[in-house]
Amino acid sequence: MTCYATQYYVDCQLLLPFARGSCISNFPSLMFGTCREFSGRLFHLGFNLSCSISFRTSTFHPITQLSSVHRLLLRSASGVPVLKSAGVIRYLSGFPHPTADMDLKGVLGVLEQLAPLSLAESWDNVGLLVEPSKPRPIRTILLTNDLTVGVMDEAVALNCDLIVSYHPPLFRPFKRLLQKDWKQRLAVRAIEAGIAIFSPHTSWDSVEGGVNDWLVGGMGSGKVSVLSQALSSGPQKHRLEFSCVGDELNSLLEQLRHIEGSENLQCSSVRNESGEQQVNLICNSSALTAAVQTLLSDPHASRSLTITQVQQPPLLGCGQGRLSVLDEPVSVSTAVQNMKTHLGLPHLRLALGDQQTLDSLVKTVAVCAGSGASVIQAVKADLYITGEMSHHEVLDAVSKGTSVILSDHSNSERGFLTVFRQRLNARLGHTVTVTISQKDQDPLQVV
């Protein structure tokens, strides 16, 4: 039997109303004294508290989401104020949470909710890449940026049930599975060990709150916009414009509504001075061919038919790359230090823009994780941040006066694994152990 509880996850900047020198070691117990479970991390910075927390309860609901209110008051069981927010709640959700074992299908459903695969680029190979023949409960998940031989050894040693590899280890089609190719060997080992493999790749890049939002967040607060807007993945629609003689439009529409796939048919019309009805008809791709044939064969419809593709609505906050207009401009030198801290790296590569120095101010920042030149190179910004760019792409940026920070490809992505583990843990609970690979690292090092 599956039990359900309400799960919450919060990632926010908080302000403690404690006097200087107060002890915060009992903060979780004060805040969540009546919660059944609590997990999280707290970093005390003077009077500020940077806090990522997840908690689960079936009876106590200490947080409610307020769409237009960014201040939050949490109280302990005794009603004494414990915590007041000084920032914006970045991620907050309440949802039913299974406490029984989860199977692969259930985990895949959670992964799809966190970052729909429909957001991935058309060229990408995302989703479930290896599916074991024998179903088993998913108890251990290993997160990695790249699935290498060392990471596979680690997964086997952990008796892992599912590997979530940000980069798809299976990208180009195989014609055979042999031991002479390292990627083919990995696929064979996963199959033999009964380990499923899933890759989210560009769906994590595109989703709001995903890799690129995490990356640009290293530069501090600012007004963030999407560089390459993602569009709705709903059925493609087409607009058909034609004229109809007399009063036969209703009869014509009745024929169109009998076409398979025409359930969402939309129609509007205006009668012109000559008495003809100018008709605007919108239908799905599945009904397009039959609709065109019906219109061209009907004696009351004009032979002049205009067909255009309807632009899909944008998915706000989703898409490739980000541009941030910083609330507080920083020097290039400070930007470099901020990104070193954010990415956990001792070294970065920097190309100063033409006429720029380490003291030059950075107000606008364009970022794209991985190999991001194709996304950011046409954007006007003071600073580009990505994993890698070609020599000539860097020269082009510098000539425009734009400075460039390069971290090497996977270093611009790997830190998001920690964020995603927190969100996945919040959804899966304690029946599943989510681990970040210790063997995963960028193949390039500064020596």
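As the structure is a computational prediction, the values presented were derived from the model and not from experiment.

What counts and how
- Residues numbered from 1 in each chain as written.
- Predicted model: local features only at pLDDT ≥ 70, side-chain atom pairs only at ≥ 80, totals over all residues.
- Heavy atoms only, no water.
- pLDDT = per-residue confidence, 0-100.
- Contact = heavy atoms within 4.5 Å.
- Pairing = 2+ DSSP bridges.
- Helix = DSSP H or I, 4+ residues; strand = E, 2+ residues; numbered from the N terminus.
- Axes fitted to C-alpha atoms, helices over the stretch in contact; angles between N-to-C directions.
- Buried < 20%, exposed > 50% of the residue type's maximum accessible area, 1.4 Å probe, protein only.
- Core = buried A, V, L, I, M, F, W, Y, C linked by side-chain atoms within 4.5 Å.
- Phe/Tyr/Trp six-rings, centres within 6.5 Å; stacked < 30°, edge-to-face > 60°.
- Salt bridge = Lys/Arg side-chain N within 4 Å of Asp/Glu carboxyl O.
- Parallel < 35°, antiparallel > 145°, perpendicular 65-115°, else oblique.
- Left-handed = near helix turned anticlockwise from the far one by under 90°.
- Nonpolar A, V, L, I, M, F, W, Y, C, P; charged D, E, K, R; others polar.

A. Inspection of the confidence of the model for the chain at higher detail. When pLDDT is averaged along the chain, the result is 81; 77% of the residues meet or exceed 70. Under a pLDDT of 50 for its full length, residues 1-96 has, in the predicted model, 195 contacts with residues more than four places off or in other chains.

B. Expanded view of the sheet that holds strand E9 (residues 162-165). Pairing within the open sheet is mixed, and its five strands lie in the order E7-E10-E9-E8-E21. The sheet is open, and its two borders are formed by strand E7 (127-130) and strand E21 (433-436), each paired with just one other strand. Adjacent strand axes in the sheet meet at a mean angle of 25° when their direction is disregarded. For E9 and strand E10 (residues 196-199), the ladder comprises three bridges, and the chain directions are parallel. By the bridge assignment, Ile-163 is partnered in E10 with Ile-197.

C. Representation of the pairing of strand E20 (residues 403-406). Because side chains alternate across E20, one face comprises the buried residues Ser-403 and Ile-405, and the other comprises Val-404 and Leu-406, equally buried. When strand E17 (residues 349-351) meets E20, the two strands line up antiparallel, connected through three bridges. Paired with Arg-349 across the bridge in E20 is Leu-406. As paired elements, strand E19 (residues 383-386) and E20 share four bridges and run parallel to each other. Note that in E20 the partner of Leu-383 across the bridge is Ser-403.

D. Representation of the sheet that holds strand E16 (residues 314-331) in the model. Taken together, the six strands give an open sheet; going across it, the order is E11-E16-E18-E19-E20-E17, and neighbouring strands pair in mixed fashion. The strands lining the two open edges of the sheet, one partner per strand, are strand E11 (222-231) and E17. Neighbour-to-neighbour, the strand axes of this sheet turn through a mean angle of 20°, independent of strand direction. Sheet strands in contact with helix H9 (residues 332-343) are E16, E17, strand E18 (361-368), E19 and E20, and its direction is about 125° off that of E16.

E. Geometry of the nonpolar core. Grouped together as the largest cluster of nonpolar side chains are 50 residues, with contacts concentrated most on Ile-141, Leu-162, Met-219 and Leu-424. The greatest single-element share of this core, amounting to six residues, is contributed by helix H12 (residues 416-428). Setting aside its immediate chain neighbours within four residues, Leu-162 contacts Leu-104, Val-107, Leu-111, Ile-138, Thr-140, Ile-141, Leu-142, Ile-195, Ala-196, Ile-197 and Phe-198. Listed in part, the 18 residues of the second largest apolar core include Phe-242, Leu-249, Leu-252 and Leu-256.

F. Region of the structure containing the packing of aromatic side chains. Overall, the coordinates contain five aromatic pairs when judged by the stated rule. A ring pair is formed by Tyr-166 and Trp-204, whose centres lie 6.0 Å apart and whose planes are at 35°; its orientation type is tilted. With Tyr-166 in the loop between E9 and helix H4 (182-193) and Trp-204 in helix H5 (residues 202-206), the pair connects residues that are 38 residues apart, well separated along the chain. Where Trp-204 meets Phe-416, the ring centres are 5.5 Å apart and the plane angle is 70°; that geometry is what we call edge-to-face. With Trp-204 in helix H5 and Phe-416 in helix H12, this residue pair connects regions lying 212 residues apart in the sequence. Taking the relative accessible area as the measure of exposure, Trp-204 reaches 2% and is therefore buried. The buried category is assigned to Phe-416, whose relative accessible area is 2%. Taken together, the ring pairs connect Tyr-166, Trp-204, Phe-416 and Phe-420 into an aromatic cluster.

G. Structural view of the environment of Pro-299. Among the structural elements, Pro-299 can be located in the loop between helix H8 (285-297) and strand E15 (306-309). In this structure Pro-299 comes out as exposed when scored by relative accessible area, which is 65%. Once the C-alpha coordinates of Pro-299 and Val-245 are considered, the two residues, 54 residues apart in sequence, prove to be 8.7 Å apart.

H. Representation of the pattern of salt bridges within the structure. What the rule picks out here adds up to seven salt bridges. The salt bridge involving Arg-414 is made with Asp-146; its shortest N-O contact spans 4.0 Å. You can see Arg-414 sitting in the loop between E20 and H12 and its partner Asp-146 sitting in the loop between strand E8 (140-144) and helix H3 (149-157), a full 268 residues away along the chain. Residue Asp-153 is joined to Arg-189 by a salt bridge in which the shortest nitrogen-to-oxygen separation is 2.7 Å. A residue pair is termed long-range when its members are at least 10 positions apart, and Asp-153 in helix H3 and Arg-189 in helix H4 qualify at 36 residues. A relative accessible area of 29% means that Arg-189 is categorised as partly exposed. One salt-bridge network, held together by shared partners, links Asp-146, Arg-414 and Asp-440.

I. Geometry of the pairing of E16. Note: E11 against E16, eight bridges, orientation antiparallel. Considered in E16, the bridge of Ser-225 is made with Leu-323. Relative to E18, E16 runs antiparallel, the two sharing six bridges. Bridge pairing in E18 places Val-330 opposite Val-362.

J. Local environment of the packing of helix H7 (residues 249-257) against H8. Their axes nearest at 10 Å, the elements H7 and H8 cross at an angle of 150°. Relative to H8, the element H7 lies roughly antiparallel. In terms of crossing hand, the pair formed by H7 and H8 is right-handed. In contact with Leu-252, Gln-255 and Leu-256 of H7, H8 contributes Ala-291, Thr-294 and Leu-295. Among the residues making up the contact of H7 with H8, the classes are represented as four nonpolar, two polar and no charged.

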